[in-house]
Amino acid sequence: MKTTLISLAMGAAITVASSASYADVEGSASYLNHVITANGAAHYLPINLSFYASTTGTRAIFFNGECAVQSNDNFTWYNINIEVTSPSGVVTVIAPSNSDNAFCTGKGNGVLGNWSSNETHGTYYASTVGWYRVRVQGQLIGYGAGESVDMDDMSLIVMD
């Protein structure tokens, strides 16, 4: 009897420890056209989404896209910032996208090349129930005349 009870208790503990844990996608968006920027100003990319947080808690936010930089030196790179606007209107740039996130760079030979598919992500704590907006901002850092960036095939996902 004692052996049976121990076996049942162990089986229950293993079942509890191995119960499924998964995340739900709360929002997703994609944009498949080229976006070329040829200046050093910050620009919002044409990809954004809104999601409804029915509970408070941490969300994971993922952005990916194809990217190529045409640069005349080895000091020009494309920065990506992911911004979340809360239901009260507070805008937060999530880490690590904090104006120092080199998404892609060029070879420094004045040719648009080095195409790569890149991803950046971060977490955001939704402190209230309600609608949140996610936007992606890009900027050529170290921009010089004649330099540009081409972004393509972008996706944005929010998971709880």
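I will try to describe carefully the structure that is included in this document. (Residues numbered from 1 in each chain as written. Predicted model: local features only at pLDDT ≥ 70, side-chain atom pairs only at ≥ 80, totals over all residues. Heavy atoms only, no water.)

Moving on, we get to the overall build of the protein. Along its length, the protein carries one helix and ten strands. When the helices and strands of the protein are read in sequence order from the N terminus, they spell out α-β-β-β-β-β-β-β-β-β-β. The buried share of the protein, taken over its 160 residues, is 36%. Taking the intrachain contacts of the protein between residues at least 6 apart in sequence as the baseline, contacts between residues at least 24 apart amount to 82%. Carbon and sulfur atoms make up 56% of the accessible area of the protein, which amounts to about 8,600 Å² in all. (Helix = DSSP H or I, 4+ residues; strand = E, 2+ residues; numbered from the N terminus. Buried < 20%, exposed > 50% of the residue type's maximum accessible area, 1.4 Å probe, protein only. Contact = heavy atoms within 4.5 Å. Areas by Shrake-Rupley, 256 points an atom, 1.4 Å probe, with all protein chains shown as cover.)

Within the secondary structure layout, Asn-79 lies in strand β5 (residues 77-85). A residue is classified by how much of its surface remains accessible, and Asn-79, at 2% relative accessible area, is buried. Along the primary structure Asn-79 and Asp-100 are separated by 21 residues, whereas in three dimensions their C-alpha atoms are 6.5 Å apart. In terms of polar contacts, Asn-79 uses its side chain to reach the side chain of Asn-81, at 3.4 Å. (Polar contact = N/O pair within 3.5 Å; in protein donor to acceptor, adjacent residues only side chain to side chain.)

Let us look at the state of the cysteines. Within this structure, the stated rule accounts for one disulfide. The disulfide partner of Cys-67 is Cys-104, and the gap between their sulfur atoms is 1.8 Å. Of the two residues, Cys-67 sits in strand β4 (residues 57-70) while Cys-104 sits in strand β7 (residues 102-105), which places them 37 residues apart along the sequence. Like Cys-104, Cys-67 is buried. (Disulfide = S-S within 2.5 Å.)

Okay, the nonpolar core next. In terms of nonpolar packing, the biggest core is built from 28 residues, with Leu-45, Ile-61, Phe-63, Tyr-78, Val-134, Met-151 and Leu-156 touching the most fellow members. Those elements giving two or more residues to this core turn out to be β3 (43-53), β4, β5, β7, β8 (113-126), β9 (130-141) and β10 (148-159). (Core = buried A, V, L, I, M, F, W, Y, C linked by side-chain atoms within 4.5 Å.)

So, on to the environment of Tyr-31. Structurally, Tyr-31 can be placed in strand β1 (residues 25-31). Distance from Tyr-31 to Leu-45, taken between C-alpha atoms, is 9.2 Å for residues 14 residues apart in sequence. Not counting chain neighbours up to four residues away, the residues in contact with Tyr-31 comprise Pro-46, Ile-47, Asp-153 and Met-154.

Take the packing of aromatic side chains next. A full pass over the atoms with the stated rule returns four aromatic pairs. Aromatic side chains Phe-63 and Phe-103 sit 5.6 Å apart centroid to centroid with 40 degrees between the ring planes, which places their arrangement in the tilted category. Within this pair, whereas Phe-63 is found in strand β4, its partner Phe-103 is found in strand β7, the two being separated by 40 residues in sequence. Pair check on accessibility: Phe-63 and Phe-103 agree, each one buried. An aromatic cluster is defined as three or more aromatic residues linked by ring pairs; in this entry it consists of Phe-51, Tyr-124 and Tyr-132. The side chain of Arg-135 reaches across the aromatic face of Tyr-44, ending 3.8 Å from its centre. (Phe/Tyr/Trp six-rings, centres within 6.5 Å; stacked < 30°, edge-to-face > 60°. Lys NZ or Arg CZ within 6 Å of the ring centre and 35° of its normal.)

With that out of the way, let us pick up the pattern of salt bridges. It is possible for side chains of opposite charge to pair when their charged atoms get near one another. Tallied over the entire structure, the rule returns two salt bridges. In this structure, Arg-59 and Glu-26 form a salt bridge, with 2.9 Å as the shortest nitrogen-oxygen distance. You can see Arg-59 sitting in strand β4 and its partner Glu-26 sitting in strand β1, a full 33 residues away along the chain. Residue Arg-59 shares its accessibility class with Glu-26, and that shared class is buried. For Arg-135, the salt bridge goes to Glu-83, with nearest N and O atoms at 3.8 Å. (Salt bridge = Lys/Arg side-chain N within 4 Å of Asp/Glu carboxyl O.)

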